[in-house]
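# Secondary and tertiary structure notes
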Amino acid sequence: MAESENGRAAKRTKTDADNERGDVGELSSDSPVSDFEITRVLRESAREKNIFIHGKVKDQDAVVILEKTPIRQDMLSELLKSSQLKLEMKNDVYSTYQLQAPAHLNEIKTTVVCPATEKHVKKYLHQEVFLVEESGEDYRNLTLPYISSQSFSVQWVHNILEKKAEADRIVFEDPDPDTGFVLLPDFKWDQKQLQDLYLIAIVHRRDVKSLRDLTSEHLPLLTNIRSKGEDTIQRKYGVPPSKLRVYLHYQPSYYHLHVHFTSLEYNAPGCGVERAHLLSDVIQNLQADSSYYHNRSLAFPLRADDGLLLRFKEAGKL
Ligand code: M7G
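What comes next concerns the included structure. (Residues numbered from 1 in each chain as written. Predicted model: local features only at pLDDT ≥ 70, side-chain atom pairs only at ≥ 80, totals over all residues. Heavy atoms only, no water.)

### So, the packing of aromatic side chains
Summed over all chains, the structure comprises 8 aromatic pairs. Ring plane angle 85 degrees and centroid distance 5.1 Å describe the contact between Trp156 and Tyr254, whose orientation is recorded as edge-to-face. Taken together, the positions of Trp156 in helix α6 (residues 155-161) and Tyr254 in the loop between β11 (244-249) and β12 (258-263) put the pair 98 residues apart, joining distant regions of the chain. Residues Phe300 and Phe312 carry aromatic rings whose centres are separated by 6.4 Å and whose planes lie at 90 degrees to one another, so their mutual orientation is edge-to-face. Of this pair, Phe300 sits in strand β14 (residues 298-303) while Phe312 is found in helix α10 (residues 307-314), placing the two residues 12 residues apart along the sequence. For Phe300, a relative accessible area of 0% puts it in the buried group. Relative accessible area serves as the criterion here: at 0%, Phe312 is assigned to the buried category. In textbook terms, an aromatic cluster arises when at least three aromatic residues are bridged by ring pairs, as seen for Phe152, Trp156 and Tyr254. One Lys or Arg, Lys313, reaches over the ring of Phe130 and ends 5.4 Å from the middle of that ring. (Phe/Tyr/Trp six-rings, centres within 6.5 Å; stacked < 30°, edge-to-face > 60°. Helix = DSSP H or I, 4+ residues; strand = E, 2+ residues; numbered from the N terminus. Buried < 20%, exposed > 50% of the residue type's maximum accessible area, 1.4 Å probe, protein only. Lys NZ or Arg CZ within 6 Å of the ring centre and 35° of its normal.)

Encoded structure:
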């Protein structure tokens, strides 16, 4: 398989695609964050230690996501030895401190979406959610027309498949046009620790939007993703299949079929029962009934200002 070609692809001379990718790992000379003018905070969580901010970079709408990364075990001794401690309080056997770590042990994972569309801003805005139950007919009459006109661009997916972006991050590729896929780290994972391991398998086929399009015809594709995805993760990261949560989202944000591989211990956003469908369940359902996902009702959450929710309301379905 083409697994080793990724490394080679990363070493070729600079092309437009490389420019699109940027110089990964190097300090960014052109920082989109320093020019960022904050409009408002979309969402924040003290528990998850992240904040989602809407603003402008040179008059373009942008979303910046800042997230404190987990403390890495392999950095513990350096962290404890080389940091400065500022005492906050002491009482009997108890004391608390502010630990000031050296800069390289104190990084904040930063994601920038620029230019951001209104839909990006809405995606990250904290909102009330409603559970919708969609029959096969509702999918064809309401959802499909809506997503055909309103969904997020999948240009980033095509860039990955065509090696125009993230080529050096691909950990496995099966190039078969029908059953093949690309496996790479999800951009939510900084790959520094396995606790929050998160990879995505993106299929080469471009004619499968989501779970709803799957029939028994796709079983070779799905079983291939499961077996080769799990093998690769076991080999590369030492994480066995029994420690993985492998699933599809319905509704996804991006309508090009992809499968999420996350650490079982990581409570990834969107891994709840109202949105995540285990790949092994999907395979068994299709083995039992080829049109299972064409016909059955599927429930999923929609945010209060999602245009699709409005369509369901207008059709008297909510
Ligand atoms: P989804 O189920 O369509 O939607 O999953 P969600 O984002 O609401 O979960 C798409 C997955 O692709 C998510 O886990 C994203 O974090 C991930 N993702 C999105 N983008 C734009 C990128 C990207 O540019 N690169 C990579 N590697 N992952 C991405």
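### As for the site of the ligand
Surveying the vicinity of the ligand reveals 17 residues, the closest of which are Lys123, Glu166, Asp186, His249 and Ser253. A distance of 2.8 Å is found between an oxygen atom of the ligand and a side-chain nitrogen or oxygen belonging to Lys123. Here a nitrogen atom of the ligand sits 3.1 Å away from a polar atom, N or O, in the main chain of Pro185. Contact with the protein chains removes 92% of the 590 Å² of surface that the ligand exposes when unbound. For the shell around the ligand, the secondary-structure elements that each account for two or more residues are β10 (198-203) and β12. Here the residues of the shell around the ligand sort into 7 nonpolar, 4 polar and 6 charged. (Near = heavy atom within 4 Å. Polar contact = N/O pair within 3.5 Å; in protein donor to acceptor, adjacent residues only side chain to side chain. Areas by Shrake-Rupley, 256 points an atom, 1.4 Å probe, with all protein chains shown as cover. Nonpolar A, V, L, I, M, F, W, Y, C, P; charged D, E, K, R; others polar.)

### Topic: the sheet that holds β10
Ordered in space as β8-β9-β10-β12-β11-β13, the 6 strands form an open sheet in which the pairing is antiparallel. Bordering the open sheet on either side are β8 (172-174) and β13 (276-278), each of which pairs with just one other strand. Across the sheet, the axes of successive neighbouring strands diverge by a mean angle of 25 degrees, strand direction being ignored. Two strands pair when backbone bridges link them, and strand β9 (residues 181-185) and β10 are joined in this way by 5 bridges, in the antiparallel orientation. (Pairing = 2+ DSSP bridges. Axes fitted to C-alpha atoms, helices over the stretch in contact; angles between N-to-C directions.)

### A look at the sheet that holds strand β1 (residues 36-45)
Here 4 strands make up an open sheet; going across it, the order is β1-β2-β3-β6 and the pairing antiparallel. For this open sheet the edge positions go to β1 and β6 (108-113), each flanked by a neighbour on one side alone. Here the strands of the sheet are splayed against their neighbours by 20 degrees on average, with no regard to which way each runs. By the bridge criterion, 8 bridges tie β1 to strand β2 (residues 50-57) in an arrangement that is antiparallel. Within β2, the position partnered with Ile38 by the bridge is Gly55.

### Looking at the pattern of salt bridges
The tally for this structure, following the rule as stated, stands at 16 salt bridges. In this structure, Asp35 engages Lys58 in a salt bridge whose closest nitrogen and oxygen atoms are separated by 3.5 Å. Linking Asp35 in the loop between α2 (16-21) and β1 with Lys58 in the loop between β2 and β3 (60-68), this pair joins segments that are 23 residues apart in sequence. Judged by relative accessible area, Asp35 falls into the partly exposed class, the value being 34%. Two residues, Asp61 and Lys56, come together in a salt bridge whose shortest N-O distance is 3.5 Å. A residue is classified by how much of its surface remains accessible, and Asp61, at 28% relative accessible area, is partly exposed. Residue Lys56 is classed as partly exposed on the basis of its relative accessible area of 34%. Salt bridges sharing partners connect three or more residues here, namely Glu162, Lys164 and Arg206. (Salt bridge = Lys/Arg side-chain N within 4 Å of Asp/Glu carboxyl O.)

### Quick word on the packing of helix α5 (residues 136-150) against α10
Any two packed helices are characterised by the angle at which their axes cross and by the distance between the axes. Two elements in contact, α5 and α10, have axes whose closest approach is 10 Å; the angle formed by their N-to-C orientations is 145 degrees. Handedness of the crossing formed by α5 with α10: right-handed. Within the contact between the two elements, α5 uses Asp138, Leu142, Thr143, Pro145 and Tyr146 and α10 uses Gly307, Leu308, Arg311 and Phe312. In terms of residue class, the contact of α5 with α10 is made up of 5 nonpolar, 2 polar and 2 charged. (Left-handed = near helix turned anticlockwise from the far one by under 90°. Contact = heavy atoms within 4.5 Å.)

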